[in-house]
Each structure stands twice: as C-alpha cells, then as structure tokens.
Amino acid sequence: MSGRIRGAWPGLLLLSLTMIGLIAAQVSLLAITAVTLIWLFSLWLAGRDSAPPPPLTTPSRLDIDAITRAAMRAAIEPLDVPLLLAHDHRILAANASARTALGPHVVGQDARVALRHPDAVSLLDLADGGSTTVRGLTGARSLWQLTRRRVDANYWMIELRDRNSEADISRAHTDFVANASHELRTPLSSIIGYVETLADAPRQFDADTTARFLGTVLREARRMQSLVADLMSLSQLEAEKHDAPTGRIDFGALAGRVVSEFTHGDGVTRVEFTPPERALGVTGDVGQLEQLLRNLIDNALKYGDSEKPVQVGIVNDLRDHAVLTIADHGAGISADHLPHLTRRFYRADPGRSRAAGGTGLGLAIVKHIVERHRGKLDIASTVGKGTTVTVRLPVTNIAQALV
Amino acid sequence: MVAEHTVKAFDEDITRLRGLIGEMGGLAELAISESMEALVTGSQAQAAAVIARDKRIDALEQEIDKLTVRIFALRAPMADDLREVIAALKISGMLERIGDYAKNIAKRADSIIGRETFEPLTLIPAMAEIAGEMVHDVLTAYAARDPAMAIEICERDAKVDAFYESIFRNLVSHMMENPKTITSAAQLLFVARNLERIGDHATNIAEMVYFAATADYLGNRADRAAVPSSPS
C-alpha cells in the first residue's frame, strides 16, 4: 500500500509545478481547474490499475504453486525410480533416488546444468516428450534411459531408468574371451606341470605315482577337450542364433534315446523317464536337442543326490507345447544364484562344479539352444529339496513327425 | 542465484548463462569419451561425429561471449554475480579448448596402424577415463557451486600428470624397441599430451568454480597440498 502513495508523489509534485506555471502565465482560472481535475483523475486511474494486482494475485498464485509442488514432491519422494519434476528446463523437484543418482544440487537448476549430457538435453527440447538412452550421465560407464512425460500444461516428469545392469551384460560378453582363456589356462598349466615333472626325472617315480600323474594329465586334458567342445558349440549357436532350425523331430523318441545313453552296461540307471502319451513333433536340430537333454540330465545326475533318481518327463500342455521337465533331488540352488545360472562360466559352487568336471558353460548352451528353438527355459529350485528345469518347445505338425 | 534479483530479467540471464555452460560441458564430456572410442576402435564415423559436434561447442562459446558482454553492459553485475559471470566467461573458453583437444584426438583415430597388436593403445583409455571424470566432476561442482569438490578435483590433476609421465616413458621405450611403430606411437604421444591438457583445463575450471563460490583464488593458496577440505 505504501508503494501506491509513494508512486503518486512525483505526479502530485508535477501537478503543483504545472499549476504554478499556468498561474504565472496568467491562463484563465477555468482552464487551470480543468487541467488540474483531468490530471488528478488520470493519477487516480493509474494508481487504481497498477497498484492492486500484486498483493491480490501474486501471493495466491505462489500459494497454489507451493501446495502443488509440495504435494508432487511428497508423492514422488519415496519411489524407487529416480524422478525429476520439471517446468520447462527448470528442475523443480527430484525424489530421493534421483538425488542419490544425480546429486542433491540438481533441484532448482536448469536441466542443462543439472543433466548436461547432450542427448538428455535434446530430450528436454522435444515438444511431446519421449525417451532416450544416455551413456555417461552419472559416470563414465553409466547407462540410463530417460523418459519425459507431460504432467499438465506446465509440468513435465522425467523418469530415469537404470540400464547399468544391461550395460553389465554387454560388458560380460567382452569379458567372455578373457574368461575362456582363463578357464583353458588352468587345466593347461596343470598338464604342463605334471608332464614337466615326469619328463625331468623319468625314473624317480614308482609306477603308482606315474600312473596317478598321468591320470591327472588325462583328466585335465579331457576337461580342456570338453571346454573347447562347449566353446565351439556356443559360438556355433551364436552364429546361427537367428536362423530357425528346420528338422522335424519326434521329441519323445529323441529324449528316450538320450536317456538310454545314461544307462550303465548292467542296465542300472538313475534316470526315470516318462515318455509323452503321444508322439510330439518338434521343429528342431537333432544334434542340439540331444545336447540340451544331455547337458540337463548330466547336471541333474551331478548335482542331485547320488542315491536318488532323476525324473525326466515330457508332456503336451494345453497350449501345444512339449514340456520337458528334469527334476533332481539334492541340495538345490539358492534363489540369488538362479538368475545368473545361464551366464557363461557362472558357477553357484565353483569348487564342486570343477571337481565334477563342469565347464561352466552347460546351461549357457542350453539357454542358447532353447532360444534358437523359440522355446522357454525355466529353472526352479528349493534349497534342500532339489532343482527342476523346465523346457517348453512349441509342438509343430505332429502327424508329420519323422525321426 | 540463491537470492533473487529485483530485476527478474537478470535472473533469467544468469540462468541462461549457466544453462549454456552446462550444455557446452555436456558436449565436451561426450567429445572426450567418443574421441577415445574412435581412437580405440578406429571408427571413422565416430571421429567425424566428434569433429562435427565441435562446431556446436564453438558456437556456444560465442553465444556465451555475447551474453556475458550483454550482462556486463546492461546489468553491471556486482559481487557474487560479477564472479559468476566472469567465471562463466573463462570456463567457456576452457571448455572450448577441451573440445578442441578431443577433436584433435578424434582426428588421429585413423593414423594408428596395427591397432589389434599395438599394446600402448590399451594404456590411453585408462588415462582418458581419469581426465574425463575430472571434467565430469568439475561440471558437477559448477552446477552444485561446491568449492570443496573443486579443491578435490585440483588435487586429482597430479594423477593425470603422473599417468602422462608413465605413458610417455612407456611409449618412448616402445618406440626404441619397435621402430616400425614409431608413427603410431608418436600419434599416441600427442593423444596423451592432449589428455594431460584436458586435465589441466579441468583444474582451471575447478579454480574458477572455487573463485565464483568463495571470492578467493585457489591458485594463490600457499600450500595446495594442505588445503582444508572445507573452505574457510
């Protein structure tokens, strides 16, 4: 209010000066009165127009803004996904996860200062929002997916989705070669060690020791052989990942054949096979499906309780899938290992796996075979009870099943 | 600015100035990482992209120049505003240099021969990562107006320098042993030199961030090694 009065002073001063001037110039009193009245009226008009708006509108708009922002802030604060609330380019609010990811300083900043990355900034310039993947937003190797959505006429919500784990996976592929050579080096150095010992002093060891050494050499050489074979089938699978297999196979008969391989000479076997009720035709690659079964049954025998049987069964589900289940009764696998089991060289129990002659590639191969056959692989396990692997393959023309 | 100005347009100018610095910084960061990728993989397309994007950095520098002159002329900034504008002017110049160094690295991408077996090439990305991180963090310090972080970044420059020294020695001995690779190794010497300069400029930016935030010169401090972690 005081501003209004103060604002009128220069006007009043000018008015009095003008009046004095007019009186001095001996203008008629009527004209002077008219000028004074018009002047005062215009001053009143100007005062009425300019002064009232600030006290009336500004605080109330701020009020509503403050409430809206506070409410939005409270709503997004506890969410796990980093979220930013922006008005044009200005970041009004960031929830706790966003402040952790980007730093607490982003609130109140221009997004170009806070996010900085050209791809992220260009996302802000898009008129209808959108989504983009940004590398290096929070550090040299970070990978985020930014999605910008309109909240209302003024506000935008920016969602940051952490893609770092996916970046990890692609990095895992790069690490593959390093891992593979490491896996090959271990048996190789043991072979070289034993052979060198024997070659240096051939007569120093008795026949038993020599036989034991040679046994180790043979075992390690076999390990390398199976590793190389696995690596080759993996790279073969990688190469033909995108061409669908063409062979027509009776899946039940094929499984029966593979199961019979696991029968010892004396007819004793731990594998209990339940064949499907009718022939199930599957489009696939004979060699690969055999390898899939062999790897899974081999795993079940190795990691299941050696006294308990392994159940292999194939059924036809209602949705025209051949469902292969391979169940063992053993120690089982804890839940935190399950998502990683199909990764190359991943071992839930490294010592045990190596002792059993595992290459760390069996399930990775299985996964690739299942993917190539447009199937699904599912591993369920209860610690202390056992593991069940389920493979679903689409059943094709049953009548034409040939093999 | 934390405190708002009576003239709202001044706030807008400062926000715009900081926005331009941020944009420039983002481009410079990307230029470093992409030029390094181009160098390691030999990707011509990526090198060309870095070189093309440098034009935008140059244009931004000019825009910042004009804007700061306008702010000086029209707003006559005082105290922290004055420091903010001066810092922006200087930082934009340094970011432009960083962009140039990255461009220079990208230009050398196709002059490395026998990339697969050229061992010293594996040393460079680690150095680039440290230098790139310095640039990333100094821009975060600028955004956050964090003088403590600025000090920490200045201290990191020694790491880049040490890296440069070791790469230099490594490359020289590599050249003596394998005279055939001298051309490629000499290129890498320049690349390492550029990265070292990028680290220096990141330090300079950190000094400007510190100056803008505290009105004190970081470079003038008597003993840099014993700087307190919190600004006095």
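Definitions and limits used
- Residues numbered from 1 in each chain as written.
- Chains lettered and ligands numbered in written order.
- Predicted model: local features only at pLDDT ≥ 70, side-chain atom pairs only at ≥ 80, totals over all residues.
- Heavy atoms only, no water.
- Helix = DSSP H or I, 4+ residues; strand = E, 2+ residues; numbered from the N terminus.
- Contact = heavy atoms within 4.5 Å.
- Areas by Shrake-Rupley, 256 points an atom, 1.4 Å probe, with all protein chains shown as cover.
- Pairing = 2+ DSSP bridges.
- Axes fitted to C-alpha atoms, helices over the stretch in contact; angles between N-to-C directions.
- Phe/Tyr/Trp six-rings, centres within 6.5 Å; stacked < 30°, edge-to-face > 60°.
- Buried < 20%, exposed > 50% of the residue type's maximum accessible area, 1.4 Å probe, protein only.
- pLDDT = per-residue confidence, 0-100.
- Salt bridge = Lys/Arg side-chain N within 4 Å of Asp/Glu carboxyl O.
- Core = buried A, V, L, I, M, F, W, Y, C linked by side-chain atoms within 4.5 Å.
- Buried area = accessible area lost by both parts, 1.4 Å probe.
- Polar contact = N/O pair within 3.5 Å; in protein donor to acceptor, adjacent residues only side chain to side chain.

Scanning chain B from terminus to terminus reveals 6 helices and 0 strands. Secondary structure elements in chain B, listed N-terminal to C-terminal, are α-α-α-α-α-α. A separation threshold of at least 6 residues defines the contact pool for chain B, and within that pool the share at least 24 residues apart is 80%. Surface summary for chain B: the accessible area is close to 10500 Å², and the carbon and sulfur share equals 56%.

In sheet architecture, strand pairing relies on hydrogen bonds along the backbone and comes in two forms, parallel and antiparallel. All names here are of chain A. Ordered in space as β2-β1-β5-β4-β3, the 5 strands form an open sheet in which the pairing is antiparallel. Every interior strand has two partners, whereas the edge strands, β2 (90-94) and β3 (130-135), have only one. Strand-to-strand, the axes of this sheet are offset by a mean angle of 25°, without reference to chain direction. Bridge count for strand β4 (residues 143-150) against strand β5 (residues 155-162) is 7 bridges, and the pairing is antiparallel. The residue bridging arginine 149 from the neighbouring strand is methionine 157, located in β5. Sitting on the sheet, helix α6 (residues 118-125) touches β3, β4 and β5, and the angle it makes with β3 is about 170°.

So, about the sheet that holds strand β9 (residues 310-316) of chain A. Residue and element names in this part refer to chain A. Read across the open sheet, the 5 strands follow the order β7-β9-β10-β12-β11; overall the sheet is mixed. Either end of the sheet is taken by a strand with one partner, and the two such strands are β7 (271-274) and β11 (376-382). Within the sheet, the average angular offset between the axes of one strand and its neighbour, ignoring direction, is 15°. In this sheet, strand β12 (residues 386-394) lies alongside strand β10 (residues 321-327) in antiparallel orientation, the contact comprising 7 bridges. Of the residues in β12, the one forming a bridge with valine 323 is arginine 392. Packing against the sheet, helix α9 (residues 251-261) makes contact with β7, β9, β10 and β12, and its axis sits at approximately 165° to β7.

Right, let's get into the packing of aromatic side chains. On inspection of all chains with the given rule, the structure shows 4 aromatic pairs over all chains. A centroid spacing of 6.2 Å and a plane angle of 50° characterise the contact between B:Tyr164 and B:Phe168, whose relative ring orientation is tilted. Note that B:Tyr164 and B:Phe168 are positioned in helix α5 (residues 147-177) at a spacing of 4 residues, about one turn of the helix. B:Tyr164 sits in the buried class, given a relative accessible area of 13%. With a centroid separation of 4.8 Å and an interplanar angle of 20°, the aromatic rings of B:Phe211 and B:Tyr217 are classed as stacked. You can call B:Tyr217 partly exposed: its relative accessible area is 46%. Among the aromatic residues, those joined into a cluster by ring pairs are A:Tyr194, A:Phe205 and A:Phe213.

Moving on, we come to the confidence of the model for chain A. Per-residue confidence for chain A gives a mean pLDDT of 80, with 87% of residues at or over 70. When pLDDT is averaged over each helix and strand of chain A, the minimum, 60, is found for helix α3 (residues 53-76) of chain A and the maximum, 92, for β10(A).

Even without being a glycine, A:Arg374 presents a positive backbone phi close to 55°. Considering the arrangement of structural elements, one finds A:Arg374 in the loop between α12 (362-372) and β11.

Here we come to the pattern of salt bridges. One pass over the full model with this rule turns up 26 salt bridges over all chains. Here A:Glu159 makes a salt bridge to A:Arg149, at a shortest N to O gap of 2.9 Å. One end of the pair, A:Glu159, is in strand β5; the other, A:Arg149, is in strand β4, with 10 residues separating them in the sequence. A:Glu159 sits in the buried class, given a relative accessible area of 10%. A salt bridge links B:Glu196 to B:Arg193, with the shortest nitrogen-to-oxygen separation between them at 3.0 Å. Here B:Arg193 and B:Glu196 lie together in helix α6 (residues 182-214), a separation of 3 residues that amounts to about one turn. Salt bridges here are not isolated pairs; linked through shared partners, they connect A:Asp110, A:Arg112, B:Glu23 and B:Arg56.

It is worth spelling out the environment of B:Lys180 at this point. Residues and elements named next belong to chain B. For lysine 180, the position within the fold is in the loop between α5 and α6. According to the relative accessible area criterion, lysine 180 is exposed, its value standing at 83%. On a C-alpha basis, the gap between lysine 180 and isoleucine 113 in space is 9.8 Å, while along the polypeptide they are 67 residues apart.

Residue and element names in this part refer to chain A. Pairing geometry for β11 and β12, over 7 bridges, is antiparallel. Bridge assignment links alanine 380 to a residue of β12, and that residue is threonine 388. Counting the residues between successive antiparallel strands, the hairpin from β11 to β12 contains 3 residues, one of them, glycine 384, with a positive phi of roughly 90°.

This brings us to the nonpolar core. Counting 71 residues, the largest nonpolar core has B:Leu39, B:Ile91, B:Leu95, B:Ile124, B:Leu188 and B:Leu195 as the members making the most contacts within it. Ranked by the residues each element gives to this core, the list is headed by α6(B), at 15 residues.

This paragraph deals with the interface of chain A and chain B. On the chain B side, the residues contacting the 14 residues of chain A number 18 residues. Taken over both partners, the interface formed by chain A and chain B buries close to 1400 Å², and the fraction arising from carbon and sulfur atoms is 59%. Counting the surface chain A buries against chain B, the share from its top three residues, A:Arg112, A:Val113 and A:Arg116, is 45%. In this structure, the connection of chain A to chain B is made through 2 salt bridges. A:Arg116 is the partner of B:Glu29 in a salt bridge, and the nearest nitrogen-oxygen pair spans 2.9 Å. The tally of links from chain A across to chain B stands at 6 residue pairs in polar contact (both at pLDDT 80 or more).

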